[in-house]
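Commentary on secondary and tertiary structure
The primary structure of each chain is shown beneath.
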2 protein chains.
Amino acid sequence: MPQQSPARPAAAKRRGRPGYDQQSVLEIAVEVFNERGFEATSMGALADSLGISKSAIYHHVASKGDLLRLALDRALDGLEGVLADPGASEGPAVDRLEHVLRRTVEVMVQELPYVTLLLRLRGNTEVERDAMTRRRTFTARVTKLVRMAGAEGSMRSDIDPGTTSRLLFGTINSIVDWYRPGGAITAQKLADDLISMSFDGLRLPAAARVPRIPRVPERVGTSSGH
Amino acid sequence: MPQQSPARPAAAKRRGRPGYDQQSVLEIAVEVFNERGFEATSMGALADSLGISKSAIYHHVASKGDLLRLALDRALDGLEGVLADPGASEGPAVDRLEHVLRRTVEVMVQELPYVTLLLRLRGNTEVERDAMTRRRTFTARVTKLVRMAGAEGSMRSDIDPGTTSRLLFGTINSIVDWYRPGGAITAQKLADDLISMSFDGLRLPAAARVPRIPRVPERVGTSSGH
DNA sequence: GTCTATATTGAGATAGAC
DNA sequence: GTCTATCTCAATATAGAC
């Protein structure tokens, strides 16, 4: 046990009470899992981060996989809650889609470490596979919304709904790789930016462009011919 | 060794020659690493997939980390090549950006397993951290293009360039999680769809919409009020 | 709720023969 | 280029005291 000062349970302790409870162990564990990766985190390293011994962890959870299960359930409960929301089933599909995407961003930010863990699973254990199944059910329901919005005529249908949905989730899921609450941008603004880019696009129409002095010859290289 | 028939080196053998060479070992290794995760893949499991013994692997590479290094170098060489391309430095920034994003998609598809491995690193070893540094340099240069395109007036600047770049890379990088060459959509079409969604957006302007018979009351739920 | 000590398994890697 | 046999260490988990 070489790692850190072996006495202090760093942070996130239940207030006033001595030692950890399951929730506070889980909180730290998920942080460490995300830093190093779940498989790469040994119970020993986790114990060091907690400032307690390995065996003390087993007082709170039956196994390492148990910690994972608790974390994944929390992430999935949050995401599934998004679809239970009234805004997910009322109005035109394009608005329902927008609503679901916004709420998904919200939940991701709110449950960031738990969702992060969920999104990095490889399906090596039963616990992981079960979580991946629940996650796929969630995304499948969103894909259905994309298809309906296309059929409704409010969204482009030249891109396959499956592709659209995957790209949308790619954009959304990437949030866990860089966004940190308390930073420069709020969850609300993040959702706005994401929806705005995905729905309205990044390019300004030529009419709206600010006139500029070209510093390099116009159109020397071609941007799409390859 | 319970896993599979221990005789046949499945596929990807150098033609005609008996046994593996480094390249063919790497090819299979990267596949297995992506399936189960690098840390979760033991040399024993890898040996089973190769159909040879553990120790035979060490004839081709000095360590497990060496396999990772070889794979990451290949991915990074490909990506860095994108920026060496003339189209990355000629013309308006918005066109250069589009060019770089298209070529990035191409390289990702071409080197899919290697790039996949790169994108899942946690930085646990020196090899991983070095690769992450090279990757960050790449993305930083693309972020610069986003900033220039904004300054040029050809792209929206209400979204922070850093955020834009991160969302763009989120969209692009997610390709490794679902796209498989030989499937329903070509790399070219994938790049078209991705650029089209990101630059022009998914929403059809109201004018272009197909008239429809509402199946649910219009605007009962609100899509953004929460 | 936590500890020390330990059982047990599996990991990465090496030796040396074929 | 591959094998069997083995070294060494670190992993998960348990036993039982405080």
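What counts, and at which threshold
- Residues numbered from 1 in each chain as written.
- Chains lettered and ligands numbered in written order.
- Predicted model: local features only at pLDDT ≥ 70, side-chain atom pairs only at ≥ 80, totals over all residues.
- Heavy atoms only, no water.
- Helix = DSSP H or I, 4+ residues; strand = E, 2+ residues; numbered from the N terminus.
- Buried < 20%, exposed > 50% of the residue type's maximum accessible area, 1.4 Å probe, protein only.
- Contact = heavy atoms within 4.5 Å.
- Areas by Shrake-Rupley, 256 points an atom, 1.4 Å probe, with all protein chains shown as cover.
- Near = heavy atom within 4 Å.
- Polar contact = N/O pair within 3.5 Å; in protein donor to acceptor, adjacent residues only side chain to side chain.
- Nonpolar A, V, L, I, M, F, W, Y, C, P; charged D, E, K, R; others polar.
- Salt bridge = Lys/Arg side-chain N within 4 Å of Asp/Glu carboxyl O.
- Domains from an automatic or database assignment.
- Buried area = accessible area lost by both parts, 1.4 Å probe.
- Core = buried A, V, L, I, M, F, W, Y, C linked by side-chain atoms within 4.5 Å.

**Concerning the overall build of chain A**
Of regular secondary structure, chain A possesses 9 helices and 0 strands. Scanning chain A from its N terminus toward the C terminus, one meets helices and strands in the order α-α-α-α-α-α-α-α-α. Of all 226 residues assigned to chain A, the portion counted as buried reaches 50%. Of the contacts formed within chain A by residues at least 6 apart in sequence, a portion of 63% connects residues at least 24 apart. When the accessible surface of chain A is summed, it comes to about 10,800 Å², and 53% of that surface belongs to carbon and sulfur atoms.

**So, the protein's contact with DNA strand D**
Close to DNA strand D lie 17 residues, the nearest being Met43 and Lys54 of chain A together with Gly19, Ser53 and Ser55 of chain B. Between DNA strand D and the protein, one listed contact pairs a phosphate oxygen with a backbone N or O atom of Tyr20 of chain B at 3.0 Å. Between a base oxygen of DNA strand D and a side-chain N or O atom of Ser55 of chain B, the distance comes to 2.5 Å. For the surface near DNA strand D, the residue count by class is 5 nonpolar, 10 polar and 2 charged.

**Some thoughts on the protein's contact with DNA strand C**
Taken together, 16 residues surround DNA strand C, and among them Gly19, Ser53, Ser55 and His60 of chain A together with Met43 of chain B come closest. Counting only atoms of DNA strand C within 4 Å of the protein, the fraction found in sugar and phosphate groups is 57%. At 3.2 Å, a side-chain N or O of Lys54 of chain B approaches a base nitrogen of DNA strand C. Those elements giving two or more residues to the surface near DNA strand C turn out to be α3 (54-57) of chain A together with α3 (54-57) of chain B. The residue makeup of the surface near DNA strand C, split by class, is 5 nonpolar, 9 polar and 2 charged.

**Notes on helix α2 (residues 43-50) of chain B**
All names here are of chain B. Among the 8 residues that make up α2, 7 are buried, leaving the element largely enclosed by the rest of the structure. Among the residues of α2, Met43, Ala45, Leu46, Ala47, Asp48, Ser49 and Leu50 are the ones counted as buried. Tucked inside the fold, the buried residues of α2 contact α1 (22-36), α3 and α4 (64-84). Downstream of α2 by one or two residues, Gly51 has phi in the positive range, about 80°.

**Quick word on the pattern of salt bridges**
Applying the stated criterion across every chain yields a total of 32 salt bridges over all chains. A salt bridge links Asp77 of chain B to Arg134 of chain B, with the nearest nitrogen and oxygen atoms 2.8 Å apart. Of this pair, Asp77 of chain B sits in helix α4 while Arg134 of chain B sits in helix α7 (residues 126-152), and the two are 57 residues apart along the sequence. Residue Asp77 of chain B is classed as partly exposed on the basis of its relative accessible area of 47%. On the basis of relative accessibility, which here comes to 24%, the residue Arg134 of chain B falls in the partly exposed class. Taking the shortest distance from any N to any O, the salt bridge between Arg134 of chain B and Glu80 of chain B comes out at 2.8 Å. With Arg134 of chain B in helix α7 and Glu80 of chain B in helix α4, this residue pair connects regions lying 54 residues apart in the sequence. Overall, the relative accessible area of 31% leaves Glu80 of chain B in the partly exposed class. Residues participating in the shared-partner salt-bridge network are Asp66, Arg69, Asp73, Asp77, Glu80 and Arg134 of chain A.

**Digging into the domain arrangement of chain A**
Residues and elements named next belong to chain A. Its domain assignment divides chain A into domain 1 (1-61) and domain 2 (72-200). Just the C-alpha atoms count here: the centres of domain 1 and domain 2 sit 30 Å apart. At the junction of the two partners, domain 1 supplies 8 residues and domain 2 supplies 8 residues. Summed over both partners, the interface of domain 1 with domain 2 buries about 620 Å², with 52% contributed by carbon and sulfur atoms. When the buried surface of domain 1 facing domain 2 is broken down by residue, Val30, Asn34 and Glu39 rank first, second and third, together holding 63% of it. Joining domain 1 to domain 2, the criterion identifies 0 salt bridges.

**Quick notes on the nonpolar core**
Leu46 of chain A together with Leu46 of chain B are the most contacted members of the largest nonpolar core, which totals 130 residues. What Leu46 of chain A contacts, discounting residues up to four positions off in sequence, is Ala29, Val32, Phe33, Thr41, Ile57 and Leu67 of chain A.

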